[in-house]
Each structure stands twice: as structure tokens, then as C-alpha cells.
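Topology and contacts: notes
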Amino acid sequence: MSEIVLEIKNLTRRFGVFTAVDALTLSVNSGEIFGLLGSNGAGKTTTIKMLTTLLPPSAGEARVAGFSITNQAVNVRRAIGYVPQAVSVDGSLTGYENLLIFAKLYDLPHREQQGRIREALKFMGLTADGGRLVGQYSGGMVRRLEIAQATLHRPRVLFLDEPTVGLDPIARDTVWKLLVDLRANFGTTLFFTTHYLEEAESHCDRMAIMHLGKMAALGTCKELEASLGGGAHTLSEVFVHYAGTALDAGGNFRDVSAERATAQRLG
Amino acid sequence: MTATFIHPLTAFLEKTFVITEFELRKLRHDFTELITRALQPALWLLIFGQVFSRSGAMHTGNIPYLDFIAPGILAQSVLFVAIFYGINVIWERDLGIVQKFLASPTPRAALVLGKGFSAGIRSLSQTAIVYGLSLLLGVKLNWSPLALLNVLLIVVLAATLFSTFSLIIACIVKTRERFMGVGQVLTMPLFFASNAIYPTDIMPGWLKVISHLNPLTYVVDALRTFMLTDSTSTFGSGLDYAVIFLTTTILVFIGARLYPRLAV
């Protein structure tokens, strides 16, 4: 049994009378690739925001790398990397500069900074573009730079909110190859949300399906497919079974417009 | 024991300057902003200043009207640019930049103060313009290094103060449309209820009271003291500095409390 790096207990977030995340309980092992699936508005982003200490929970608790998200927020922040759904690097700076600022904010020792940045650019296939303004990057390059920025300090857990939204299939494959390499090289635990079932199917060790703020299912892809019983099922059938037909859900205006804006910026 | 006391403070300042560096590096790639900042003070000094100076309508004691308003226009131009600083933060929120910074271990107050300082340093371009124009218009400027240093310091502090105020508004209203509305509503009252273009002596009593609560008044008073050769401070530069420092500190504190709201 490997070490638990993320432990969530009854995590709940309410906005007024609306419960966005309802008593979520699950744990993730060190080095695992864990996917959080669900329709728009299912509570995936709210969950990630609580785990990255951006949003205080209304009830419940979570420990990331052994630290409480409510009492030890600064320790949690040191232990994690975060790639938000929206574009989080600055287009008016070069790729190198974007990395340099984060190297300094995460207290990388001065003499290691240059080496670490060079290594990160190389790992992400951006060596030739480090000196260019990010505003001139393609969508796939922006995402790779964001992942480089979020992993410069070698976090134990990397949170990614819809990491491949708005990317073309080739760029998506490249991003996933790099994420899998990150785990292989540094043992980074990956916790991500996605709409793309085929990504979850090919890359996740385990996944959870959220529906209306609650966890509807949890397990490996095979376990979930078997859970429906009676013959072979695809992951889409599993998704429809647990998350409904999704016609009633769909997120609010701000979520949807933010997601489309991101897709437009990256695409 | 002192080490444990000094460490958090130096770490805080270090992070503040990293944020300032982040903001200022953008200028290296695109410095047009520094030029557009120059336009407004030029108009005020060359047109408004010249006309009012000829009319002789304002009684500004022993100093000519143009000399009187030169520091006022500098303060005004710092205010007008800084008060819209918050729009950048809203833009960074609509992207994911604010969220990424907030998920890093950087102290919130360093995020806020670092941005404020960068606005302060950007305002130095307006100082250069106002000094250049003043020289052209024959304003009697005090060129002693100590006086110049004080002017630079006050400009940086004033821009930090008003840009932090702007950031607080951005954290509260969160959208560009509402922010622009609030910004417009605030600038003119702050400007007119100050001693920037007329002395407080000629104000009606109620306005005088308001002007004494307005930090811009103390910024103008301090600038006037150090920029001109023969001007005396109304409040004393000690009080001016105290008001500016204290207001900035309080605003940074409030800003640090409100900044995480942008990630929600």
C-alpha cells in the first residue's frame, strides 16, 4: 500500500443556499494519476480550488502532502503546483521570464535557478522558444509552459483543471506524454479534471465521477465499467449512468464563458 | 531571536520586489505606456495652467500660479493613472494569473505591495515630464539632490497608495464595467477636493474639511514643499509623510485581506 498524499474528508462548499461540493470523501496515493470527471457545474473546479487553498471549505477537511488546507495553507502551497483552466502565464513576458519569476517566488536557491529553468524548458520542448514573448506561442506551447511553471519547484501534487481544453489532438497528446513523464521522473502525483472521457480512460489510474456536487462513483476504469453489471460497457455509458444525461446541468454563464475564452486563447 | 524576527520581514520584502520585477519586466517589451502617461500632464500644464495663470483669478501668495500648480499637476497625473491600475488585476483574474499567484506560497501583502511599487516606479516617467515642462515654462524648481530624492520618494509612495486603493476596488467589484464606473466616480472628487490646482484657503468650509481628509492634499503639499524653491509646507513635511505612509500601510493591509477574493 503506497503512501496517501491527498486525503479528503466530507469536503463541502456552499455558495448561499447552493451546495457546489457536497461531503466529498476520497484519498489519492502518492504517484497516482487521478481524474475527476463530471458535467459542467458538477463541482470539479470548486473542489480543485479548495484543495489548492484558493477557496476555504464550508465544512469538512482535506490534507495535501500531510498538511491541512485550512490550518496549514502555506505549507500546502509549497507542496503543490497548480495549472488553472484559464491561461495563467503572462503573454507580455518571455517564457524564460515567466519561469524566472516563479523560481524566485518558490525560493529556489539562486545558483540553481538558471539550471532548473533550462531543464524545465528542455523537458517541455521549449528550449528554442524561451526568449520569445509568450503572446506569440501556440496553444500547446502555452500549456506546456504553464506546466513547466507549476512544476519548477518539484511539487508533490500537481493539480490541473481541464489541462487539455481548447487544444488540438496532437497538442493534447504531447501534453499528456509530458505529464506521464513528469510522474515517471519525479514521482509527481497528478490530480486533474476533464470532460474528455478518452483521456481519463487512457491515462488515469483511478477516477471519480461527480454529479451535482456529490461523488457518484470511484474506481479504476475497469471497475467502473464492471459496476454497471451485465456485459461489456464503455466509459461513456458509465458516465451517463452516474452523471445523468447532463441536459439539466451545464454550469453557469461565467463558467461557460470562461471555458470558451480559454479555448479561444489556446486554439 | 533577532534572526527569527528579521527573516519573515526580509522574505516579505524579497517577494514584494519579485512581484515588482514581474510587473516592470513587461515595460522592457512594451514601453508605449510610459509615453501615453505624459500626455495628460502636458495638457494640464500647457493649456489649463497657462490660461489660468494669465487670468490672475487665483491668489497663490508669493508664488506664481504656474509654479503653484506644477506639483499639483504631477500629483494629479499620478492619481489619474494609478486609480485605474486595478483594471489590470481584473484582467489577470479573467485569465488565470491571479489564481496561480495566490496558489503559490507568496504572502498576500507582498503580492499587493509589489504591484503597488511597480505602479510607483512607472509614475517616475510622469515626474520626468512634469519637470521638463516646468523647466520650459520657467517654474522655479529646487534642484538640490535631497529635494529631488524626496520628490521621487513621494511620487512612488503616492502611486503605491492610489494604485493599492484601486486594487481594493477591483477586489470588491470584480468586473471591468463596474470598475470603470467606480473609477470615474472617484477621480474627480479626489482631485477637486484637494489643493492641487487652488489653495485650500479659498474653499468653502465644508470642502476644506473634506480636503483635509484627502490623502492627495498631503501628497500635493509635500511635492510643493520639495519641488519649488520658495514654497513653505502647509502641514509640515513630517505630517505629510506620516499621512501618506499610514494610509498606504492600511490600504496594503486591506488589499491583502481582499485579494484572495479574486480567485473565487
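By convention here, each chain's residues receive numbers from 1 onward along its written sequence. Labels are handed out in written order, letters beginning with A for the chains and numbers beginning with 1 for the ligands. Only residues with pLDDT of 70 or above have their local features reported here, since the model is predicted, and side-chain atom pairs are shown and tallied only from 80 upward, although totals for entire chains, interfaces and linings are computed over all residues.

**Observations regarding the overall build of chain B**
- If you tally the helices and strands in chain B, you get 12 helices and 0 strands.
- Secondary structure elements are taken from DSSP: a helix is a run of H or I of four residues or more, a strand is a run of E of two residues or more, and numbering for both begins at the N terminus. Taken from N to C terminus, the helices and strands of chain B fall in the order α-α-α-α-α-α-α-α-α-α-α-α.
- In this setup the radius of gyration rests on C-alpha atoms only. A globule is expected at 2.2 Å times the number of residues raised to 0.38. Its C-alpha atoms give chain B a radius of gyration of 19 Å, near enough to 18 Å, the size a compact globule of 264 residues would have.
- Dimensions of chain B, computed from C-alpha atoms along their principal axes, come out at roughly 55 × 45 × 40 Å.
- Partitioning the contacts of chain B with sequence separation of at least 6, the portion at a separation of at least 24 is 82%. Note that contacts rest on C-beta atoms placed from the backbone: two residues are in contact if these are within 7 Å.

**Structural notes on the interface of chain B and chain A**
- Contacts between the two partners involve 19 residues from chain B and, on the opposite side, 23 residues from chain A.
- Breaking the side of chain B that touches chain A down by element, the ones donating at least two residues are α1 (2-29) and α5 (97-102) of chain B.
- By residue number, the principal contributor to the side of chain B that touches chain A is α1(B), which donates 6 residues.
- Residues that form the side of chain B that touches chain A fall into these classes: 9 nonpolar, 5 polar and 5 charged. Lys, Arg, Asp and Glu make up the charged group, whereas Ala, Val, Leu, Ile, Met, Phe, Trp, Tyr, Cys and Pro make up the nonpolar group; the residues left over, Gly among them, are polar.

**A look at helix α8 (residues 145-173) of chain B**
- The end-to-end C-alpha separation of α8(B) is 42 Å, in line with the 42 Å expected for 29 residues at 1.5 Å each.
- Of the residues flanking the end of α8(B), it is K174(B), one or two places downstream, whose phi is positive at about 65 degrees. To estimate the expected span of a helix, subtract one from its residue number and multiply by 1.5 Å.

**Thoughts on the packing of helix α5 (residues 139-151) of chain A against helix α6 (residues 169-186) of chain A**
Residue and element names in this part refer to chain A.
- Only the stretch in contact is used when a helix axis is fitted, and all axes are lines through C-alpha atoms; the angle between N-to-C directions ranges over 0 to 180 degrees. At their nearest, the axes of α5 and α6 sit 9 Å apart, and the two run at 15 degrees to each other. When the axes of α5 and α6 are compared, the pair comes out roughly parallel. In this structure, α5 crosses over α6, and the sense of that crossing is right-handed. Contacts from G139, G140, R143, R144, I147 and T151 in α5 reach A171, T174, V175, L178 and L182 in α6.
- Partitioned by chemical class, the residues of the contact of α5 with α6 number 5 nonpolar, 4 polar and 2 charged. An angle below 35 degrees is read as roughly parallel, one above 145 as roughly antiparallel, one from 65 to 115 as roughly perpendicular, and any other as oblique. Crossing chirality is assigned from the near helix's rotation relative to the far helix, an anticlockwise turn below a right angle marking it left-handed and a clockwise turn marking it right-handed.

**Observations concerning α5(A)**
- For α5(A), built from 13 residues, the straight-helix expectation of 18 Å at 1.5 Å per residue is met to within 8% by its first-to-last C-alpha distance of 19 Å.
- Neighbour counting defines burial: a residue surrounded by 20 or more other C-beta atoms within 10 Å of its own C-beta is buried, one with 12 or fewer is exposed, and intermediate counts give partly exposed, using backbone-placed C-beta atoms. Most of α5(A) sits inside the fold, with 13 of its 13 residues counted as buried.

**What about the sheet that holds strand β5 (residues 67-68) of chain A?**
Residue and element names in this part refer to chain A.
- Should DSSP find at least two bridges between two strands, the strands are regarded as paired. The sheet built from 4 strands is open, its strands ordered β2-β1-β4-β5 with antiparallel pairing. Each edge of the sheet is formed by a strand with only one pairing partner; in this case those strands are β2 (18-29) and β5.
- Set on the sheet, helix α1 (residues 44-51) makes contact with β1 (4-15), β2 and β4 (59-64); between it and β2 the angle comes to about 65 degrees.

**Here we look at the confidence of the model for chain B**
- Overall, the predicted model of chain B reaches an average pLDDT of 91, with 98% of residues at or above 70.
- Two numbers describe this predicted complex: its pTM, 0.90, and its ipTM, 0.90. pLDDT: the predictor's confidence for each residue, scored from 0 to 100.

**Side note on the sheet that holds strand β7 (residues 157-161) of chain A**
Residues and elements named next belong to chain A.
- Spatial strand order, β6-β7-β8-β3-β9-β10: 6 strands in an open sheet with mixed pairing. Looking at which strands have only one partner, the edges of the open sheet turn out to be β6 (80-83) and β10 (214-219). The mean angle between the axes of side-by-side strands here comes to 15 degrees, regardless of whether they run parallel or antiparallel.
- Pairing geometry for strand β9 (residues 206-211) and β10, over 5 bridges, is antiparallel.

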